[in-house]
Amino acid sequence: MTRFAPRALIVLLSALSFAARAQTPTFSSRVEQVRVDVLVTDKGKPVRGLRTEDFEIVDNGVVQHVDLASFEEIPLNVIVALDMSESVAGERLDHLRSAGHALLDGLKKDDQAAAITFSHIVVGSSLTKELDRVRATLDAVQSSGRTSIIDACYAGIMVAESDAGRALLIVFSDGIDVSSWLSQDAVLDIARRSDAVVYGVSVGKTPRGAFLRELSALTGGTLFEVESTKNVGSTFVGILEEFRQRYLISYAPKGVSREGWHKLDVRVKGRGATVKARPGYLAGNTPSP
Amino acid sequence: MSPRSAALSIVVALVVGVMTSAARVSPGLQSPRNPPQAEDLSAKVIARFEEWVAAVRGHEPGEIDAPLWAAAGFSRAELFQIGSGMSRLVKAADRDFGEATRRCAASPNRAGRPPAPQTGACGFIVKAVALGLAERHALDRVIKRGAVLHADVVMLTPDGSFEAPGFELPDEPTRVWVDDGRQHHVDASPVHWGFARRLLDLVRPDPGRDEVARFWYQATVAYVQSQARFGEATLQLVDARRLFPKDATILFYSGVVNEALAGPGVQNAVPLLSLPAGRRLDVESAPVHLSRAEAFFRRALENEPDHVAARLHHGRVLGLLGRHQEAARALQDARDAATDQNQEYYASLFLGREEEALGHRDLARASFERAAALYPRAQSPLLGLSHLARRFGDRSGALEAIRRLMQLPSDEQARLDPWWMYHATSHASQAETLLARLYRSVAAEPPG
């Protein structure tokens, strides 16, 4: 997670207060906030109704005071990054287009979306509420070329950071990176500094240590391995639904260093729920561990 | 555009490596029959030898002509036998060709009858004499032109025209084709390369001092590298370095192929490959290949300090090895000495990364911007700028660079980024130059 500079913080607080009218959130008076997207499940089912005081967050071993835990109805910024290399020609391309449309169909009025398509070329656009434009982008693209998933994920993270809203990046690829300029480590470093949550979808088995698996894990997302591109649409919709079940916790770090890697431990008090969140965040200009 | 130019513009797939048999080959992999022996030089083979010499003499280097197709039609077994015969010819010429000829005319066969002059080693020698190969320079000319002919067979005919192996030597190399990280197919390495290398070993007095042999290796290595056929490049370079251990071009391409093998296009694909049992892939880990690449580039520069491309690649590899100060110096030198726009672009792009690693944000930005100015529609410098800014906490700068990237045209033809061609097709132009020089050198040889 990043610590917001004051300018970004003001934007963030405004957005949150606009979106969370129905609640009575507690905002911190501190300058910097860290926010963490958290999924709480019990026997596989999302747990609803948790309040701020139900959460405990430990930052580098120091218990923090949770300022805000928001749930549902916060507009989302959904970025979908689709592999359009030559291997997804024909029927597979149709499946991906349909999957993209299904995802857009699941968005709500105040949500924004952006589409990034990539082969060795990365093509994308800004976040927008005009979903027809995003649909048009998906319909126009053709498959060709090689795979630069690392470059595309970086672009997706940046698009996520272009707006203070809550960001979900869904990345589909059926292959491995062969032509990116950025290195895997460089992009994972940036992901550790960002608050975008990345969900990956790949076809077939993805080896341990593979980039998309690592990226999903360290942002608090999940990698889904599907058997065929036919399943991608339902997977996208499922990811969106799961993401809407997540809580957004924020806190102002206290008693911890301003720089470096911060290991996070998020717990729900008093119950044996499973908590899924990013494992930590990188602050300052210190390189990744 | 020459036929080879058309071929060079297409990179179909990446040959990841060449499999050789493991030390203990399972019995099932051994050939069902042994390779042919010299005594198998039947009248038919000797007749084919005559056809082969005609093809060698008739082929115009670099052209797709009838002799080229004729040579492409020779089977592995035939080429093996012709190679054996040529080896005997050269040995005979090394000693006393006249004596060998006389002995062949006089020696009876095992039954005590005079040998049929059309078969066996003697038959081969007698035919060679009849074809005018008794003269040393005529023999050398056929050898060298033969090597060029068979290189042209590989470079100018579709791979599918190669004969499926009728027999396998225990160390028969196999190619694994990988396209965009996926295994595409497995096939035998073209026999023509090995045959041509074997011919060049017969050049006298010393192939390691022969200009045509040297040009042949330089040109064919550049060619296979430009086609991303790294496995074949690796094989070619083993013999190239044996003969020309200090040749800067050969050392340079030795570095280039190792640099490519260390890259994600290869390293990410290798764990996913499905290989036949008992076969070992000729690819090591990235650090191993990077270390080898660094050593080869360094040696190339020791032998030719003004080799700009070697300095450029050396700089990049030093950076990948974490030696950022040295890398930055090398890349700065390479950029200052760049002979074309692509070299300047690569040097600027790589230097940007090194300056970033050294914490020199402004210098890094300037380098990335310089690369972007050279190729305004290339995405890599913009990604570099964005990442640099974000890495130093400048989110607005990072977003600005990404906005620039998003404004680039989506059409592939309009989005030229030389980074995509760095490991392979960036060498196409050099390959053409070296091939042209090879062909001129063959043409300049004394007539046979």
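Note that the structure is a prediction, hence the values are computed from the model and not measured.

## Points about the packing of helix α2 (residues 43–58) of chain B against helix α4 (residues 76–95) of chain B
Helix-helix packing: each pair is described by the crossing angle between the helix axes and the interaxial distance. All names here are of chain B. Here α2 crosses α4 at 80°, and the two axes come no closer than 10 Å. With respect to α4, the element α2 is oriented roughly perpendicular. Contacts from Val45, Arg48, Phe49 and Trp52 of α2 reach α4 at Glu78, Gln81, Ile82, Met86 and Leu89. A breakdown of the residues in the contact of α2 with α4 according to their chemical character gives 6 nonpolar, 1 polar and 2 charged.

## Thoughts on the sheet that holds strand β8 (residues 122–124) of chain A
Residues and elements named next belong to chain A. Strand order in this open sheet of 6 strands is β8-β7-β6-β9-β10-β11, and the pairing throughout is mixed. Strand pairing shows two members of the sheet lacking a second neighbour, β8 and β11 (223–226), which therefore form its edges. Within this sheet the neighbouring strands show an average axis-to-axis angle of 15°, counted without direction. Sheet analysis places strand β9 (residues 166–173) next to strand β10 (residues 197–203), joined by 6 bridges and oriented parallel. When the bridges of β10 are listed, Phe172 appears paired with Val201.

## Structural notes on the sheet that holds strand β4 (residues 62–64) of chain A
Paired through their backbone hydrogen bonds, the strands of a sheet run either parallel or antiparallel. All names here are of chain A. The antiparallel open sheet is built from 4 strands, whose spatial order is β4-β3-β13-β15. The open sheet is flanked by β4 and β15 (280–283), the only strands paired with a single partner. Averaged over all pairs of adjacent strands, the angle between strand axes in this sheet comes to 30°, irrespective of strand direction. Bridge analysis of strand β3 (residues 55–59) against β4 gives 3 bridges, and the strand direction is antiparallel. In the strand pairing of β4, Val58 is matched with Val63. Sitting on the sheet, helix α5 (residues 184–193) touches β13 (260–268) and β15, and the angle it makes with β15 is about 100°.

## Structural notes on a positive patch on the surface
All names here are of chain B. On the surface, a cluster of positive charge is contributed by Arg88, Lys91, Arg95 and Arg103. For the positive patch, the leading source of residues is α4, giving 3 residues. With respect to the helices and strands, the residue Arg95 is situated in helix α4.

## Thoughts on the nonpolar core
Residue and element names in this part refer to chain B. Counting residues in each nonpolar core, the largest one holds 96 residues, and the members touching the most others are Phe49, Trp52, Met86, Leu89, Trp216 and Leu438. The element contributing the most residues to this core is helix α7 (residues 136–156), with 11 residues. Here Trp216 is in contact with Ala147, Val148, Ala151, Trp193, Ala196, Arg197, Leu200, Gln236 and Leu438, once residues within four sequence places are set aside.

## Things to note about unusual backbone geometry
As a rule of thumb, non-glycine residues mostly have phi less than zero, and peptide bonds are mostly trans rather than cis. Residue and element names in this part refer to chain B. At the junction of Arg204 and Pro205, the peptide bond is cis and its omega measures out at 5° in the coordinates. Inspection of the secondary structure puts Pro205 in the loop between α8 (191–200) and α9 (211–226). Unusually for a residue other than glycine, Asp180 sits at a positive phi of about 50°. By the element assignment, Asp180 lies in the loop between β2 (174–179) and β3 (182–188). Even without being a glycine, Ala228 presents a positive backbone phi close to 60°. With respect to the secondary-structure elements, Ala228 resides in the loop between α9 and α10 (230–243).

## Comments concerning α9(B)
Residue and element names in this part refer to chain B. Taking 1.5 Å per residue as the helical rise, α9 with its 16 residues ought to reach 22 Å, and the 22 Å between its terminal C-alpha atoms agrees with that figure. Of all 16 residues making up α9, 14 are buried, and the element is well covered by its neighbours. The first or second residue beyond α9 is Ala228, which carries a positive phi of 60°.

## Some words on the pattern of salt bridges
Taken as a whole and judged by the stated rule, the model has 49 salt bridges over all chains. Between B:Asp201 and B:Arg242 there is a salt bridge, with the nearest N and O atoms lying 3.0 Å from each other. With B:Asp201 in the loop between α8 and α9 and B:Arg242 in helix α10, the pair connects residues that are 41 residues apart, well separated along the chain. Judged by relative accessible area, which is 27%, B:Asp201 ranks as partly exposed. Given the relative accessible area of 45%, B:Arg242 is considered partly exposed. Note that B:Arg404 and B:Glu369 form a salt bridge whose closest N and O atoms lie 3.1 Å from each other. Taken together, the residues B:Arg404 in helix α19 (residues 395–406) and B:Glu369 in helix α17 (residues 361–374) connect sequence positions 35 residues apart. Salt bridges sharing partners connect three or more residues here, namely A:Arg92, A:Asp174, B:Asp180 and B:Arg182.

## Regarding the packing of aromatic side chains
Throughout the structure, instances matching the rule amount to 19 aromatic pairs over all chains. An angle of 20° between the planes, with centres 6.3 Å apart, marks the rings of B:Phe49 and B:Trp52 as stacked. With B:Phe49 and B:Trp52 both in helix α2 and 3 residues apart, the pair spans about one turn of that helix. Across the pair, B:Trp52 and B:Phe49 agree in class, each one buried. With 5.8 Å between their ring centres and 80° between their planes, B:Trp52 and B:Phe195 make a pair best called edge-to-face. One end of the pair, B:Trp52, is in helix α2; the other, B:Phe195, is in helix α8, and 143 residues separate them in sequence. Summarising the burial analysis for this pair, B:Trp52 and B:Phe195 share the class buried. Through successive ring pairs, a cluster of aromatic residues spans A:Trp181, B:Tyr345, B:Tyr346, B:Phe350, B:Tyr375, B:Trp419 and B:Tyr422. Above the ring of A:Phe243, the side-chain terminus of A:Arg166 is found at 4.9 Å from the ring centroid. The cationic tip of B:Arg391 hangs over the ring face of B:Phe392; the distance from NZ or CZ to the ring centre is 5.8 Å.

Definitions and cut-offs
- Residues numbered from 1 in each chain as written.
- Chains lettered and ligands numbered in written order.
- Predicted model: local features only at pLDDT ≥ 70, side-chain atom pairs only at ≥ 80, totals over all residues.
- Heavy atoms only, no water.
- Axes fitted to C-alpha atoms, helices over the stretch in contact; angles between N-to-C directions.
- Helix = DSSP H or I, 4+ residues; strand = E, 2+ residues; numbered from the N terminus.
- Parallel < 35°, antiparallel > 145°, perpendicular 65-115°, else oblique.
- Contact = heavy atoms within 4.5 Å.
- Nonpolar A, V, L, I, M, F, W, Y, C, P; charged D, E, K, R; others polar.
- Pairing = 2+ DSSP bridges.
- Patch = residues over 30% accessible without salt bridge, like charges linked within 9 Å, V, L, I, M, F, W, Y side chains within 5 Å.
- Areas by Shrake-Rupley, 256 points an atom, 1.4 Å probe, with all protein chains shown as cover.
- Salt bridge = Lys/Arg side-chain N within 4 Å of Asp/Glu carboxyl O.
- Lys, Arg positive; Asp, Glu negative; His and termini not counted.
- Charge placed at Lys NZ, Arg CZ, Asp CG, Glu CD.
- Core = buried A, V, L, I, M, F, W, Y, C linked by side-chain atoms within 4.5 Å.
- Buried < 20%, exposed > 50% of the residue type's maximum accessible area, 1.4 Å probe, protein only.
- Expected span 1.5 Å × (residues − 1).
- Phe/Tyr/Trp six-rings, centres within 6.5 Å; stacked < 30°, edge-to-face > 60°.
- Lys NZ or Arg CZ within 6 Å of the ring centre and 35° of its normal.

Geometry only, nothing functional implied.
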